[in-house]
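# An overview of the molecular structure
Listed below, chain by chain, are the residues.
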Amino acid sequence: MQTQVQKFLLSIVLCALVVALDAGPQASAQSQPVATISVGDQPRAVVFSPDSSVAYVSHSAEATIRVVRTADHTVIDTITLGPTEPGYNLSGLDVTPDGEYLYVTWRARGAVVPVRTSDGAVLPEIPVCIRPLSVKVTPDGNRAYVACFEELVMVLDTTTNTVVDQISFPSSSMIYAIDISPDGSKAYVNDNLTIKVYVISTADNSFVDTINISFGRPHHDIAVSPDGTYVYTTATQNGAVAAIRPFDHQVRRIDVGGGPSGIAVTPDGGYVYVSSMYTNRVSVIRTADNAVLEHIPVGRKPDGIIDISPDGHWLYVPNRDSNTVSVISVLTGTKYSAHLPLILR
């Protein structure tokens, strides 16, 4: 009889634990960043090397890139691209799949600057447009796509470091961010002004689709899921994330609050992390059901481009007004499991 009572009580405890784990942000203790890294003036964007050993941080108030060793979250080098320009300096950056080169948008100079990662050598800049914002390298490493504020995407050949194509958008557009599908066949571009996502075929750089979003402006950042089935954008003024299924234009709204800005998807596609610049936090979304699981505090004004290491261990969040990068340990999928097996024998 006592054994049966013990089993019954254990079942109640385990069920309560399942409910607590699945109830969202209010049910669990708030996570905290595992480290805070001091960097340069107004950090803007982060990208990890393909082997996850280092991260590169650009700055909008100076023409430098900090190199961070991820083993201990320590700055180990500073790459200076040139003299700091008046106004907005560096913006987005991306790394080639072999890890040998960085491509950095230098907004104040209207250029993209290639950097050799092995020795930090700064190569001749590539003039592209008036205000280049973000850049993405294709999975094969042959092209870099540059989102320009003035209704353009410029296409670079990374073997010659020259502009090989220009994609023009409607005059009412305000192009802000771009991401590439995992197979490299499509580029997704968010339009800040008309609240649309344009789909471009990278085979010939032609428009193949336009997806309308019924809410939000501006749409600050964009990220494609690892399997290519979903595209996520941040609707800053609406405090929401748009989860878009491109093949049938289904759009789901996920409310996170606080002026969502940067967005990144875990390598396994299980979670989306969103930084919010008005509330100084990162929200965690479970992609299986679009549930917001918790909000993690970070530094002041995390309004830039965030990134998750390819090995799935770390999220780096640049905090513009704190001159820091917050380091968050990425979920493995166990912390918020909604299905704990109740096996009582």
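Residues numbered from 1 in each chain as written. Predicted model: local features only at pLDDT ≥ 70, side-chain atom pairs only at ≥ 80, totals over all residues. Heavy atoms only, no water.

Attention now goes to the overall build of the chain. When helices and strands are tallied, the chain shows one helix and 29 strands. Counting all 345 residues of the chain, 52% fall into the buried class. Sequence-distant contacts, at least 24 apart, represent 43% of the contacts inside the chain between residues at least 6 apart. When the accessible surface of the chain is totalled, it reaches about 14200 Å², and 51% of it is carbon and sulfur. (Helix = DSSP H or I, 4+ residues; strand = E, 2+ residues; numbered from the N terminus. Buried < 20%, exposed > 50% of the residue type's maximum accessible area, 1.4 Å probe, protein only. Contact = heavy atoms within 4.5 Å. Areas by Shrake-Rupley, 256 points an atom, 1.4 Å probe, with all protein chains shown as cover.)

Pairing between sheet strands relies on hydrogen bonds along the backbone, with the strands arranged either parallel or antiparallel. In space, the four strands of this open sheet follow the order β2-β3-β4-β5, with antiparallel pairing throughout. A single partner strand is all that each edge strand has here, and the edge strands are β2 (43–48) and β5 (74–80). Looking at each pair of strands side by side, their axes are set apart by 25° on average, direction ignored. Pairing of strand β3 (residues 54–59) with strand β4 (residues 64–69) involves five bridges; the strand directions are antiparallel. (Pairing = 2+ DSSP bridges. Axes fitted to C-alpha atoms, helices over the stretch in contact; angles between N-to-C directions.)

Examined against the element boundaries, Ser 31 turns out to sit in the loop between α1 (2–22) and β1 (35–38). Taking relative accessible area as the criterion, Ser 31 reaches 16% and is therefore assigned buried. Side chain to side chain, Ser 31 and Glu 294 meet in a polar contact 2.8 Å long. (Polar contact = N/O pair within 3.5 Å; in protein donor to acceptor, adjacent residues only side chain to side chain.)

Let us look at the state of the cysteines. Inspection of every chain in the model, using the stated rule, returns one disulfide. Here Cys 129 engages in a disulfide with Cys 148; their sulfurs sit 2.1 Å apart. Residues Cys 129 and Cys 148 share a disulfide whose torsion about the S-S bond is about -85°; that sign makes it left-handed. With Cys 129 in the loop between β10 (126–127) and β11 (132–137) and Cys 148 in strand β12 (residues 143–148), the pair connects residues that are 19 residues apart, well separated along the chain. (Disulfide = S-S within 2.5 Å.)

To continue, consider the confidence of the model for the chain. For the chain, per-residue confidence averages 88 on the pLDDT scale, and 87% of positions sit at 70 or higher. Below pLDDT 50 for its whole length, residues 5–28 participates in 23 contacts with residues either more than four positions away or in separate chains. Ignoring residues within four places in sequence, the model shows residues 333–345, a span with pLDDT below 50, making 25 contacts including any to other chains. (pLDDT = per-residue confidence, 0-100.)

The next thing to look at is the sheet that holds β1. What the four strands build is an open sheet, ordered β1-β29-β28-β27; its pairing is antiparallel. Only two strands of the sheet have a single neighbouring strand rather than two, namely β1 and β27 (307–308). Relative to strand β29 (residues 324–329), strand β28 (residues 314–319) runs antiparallel, the two sharing six bridges. Residue pairing for β29: Trp 314 is matched across the bridge by Ser 329.

This brings us to the pattern of salt bridges. Considering all chains together, one arrives at eleven salt bridges under this definition. Salt-bridge contacts for Arg 109 lead to Glu 85; the nearest nitrogen and oxygen are separated by 2.7 Å. Of this pair, Arg 109 sits in the loop between β7 (101–106) and β8 (111–116) while Glu 85 sits in the loop between β5 and β6 (90–95), placing them 24 residues apart in sequence. Glu 85 sits in the partly exposed class, given a relative accessible area of 22%. Where Glu 125 meets Arg 109, a salt bridge forms, and the shortest distance between an N and an O atom there is 2.8 Å. Residue Glu 125 is found in the loop between β9 (121–122) and β10, and its partner Arg 109 is found in the loop between β7 and β8; the two are separated by 16 residues along the sequence. (Salt bridge = Lys/Arg side-chain N within 4 Å of Asp/Glu carboxyl O.)

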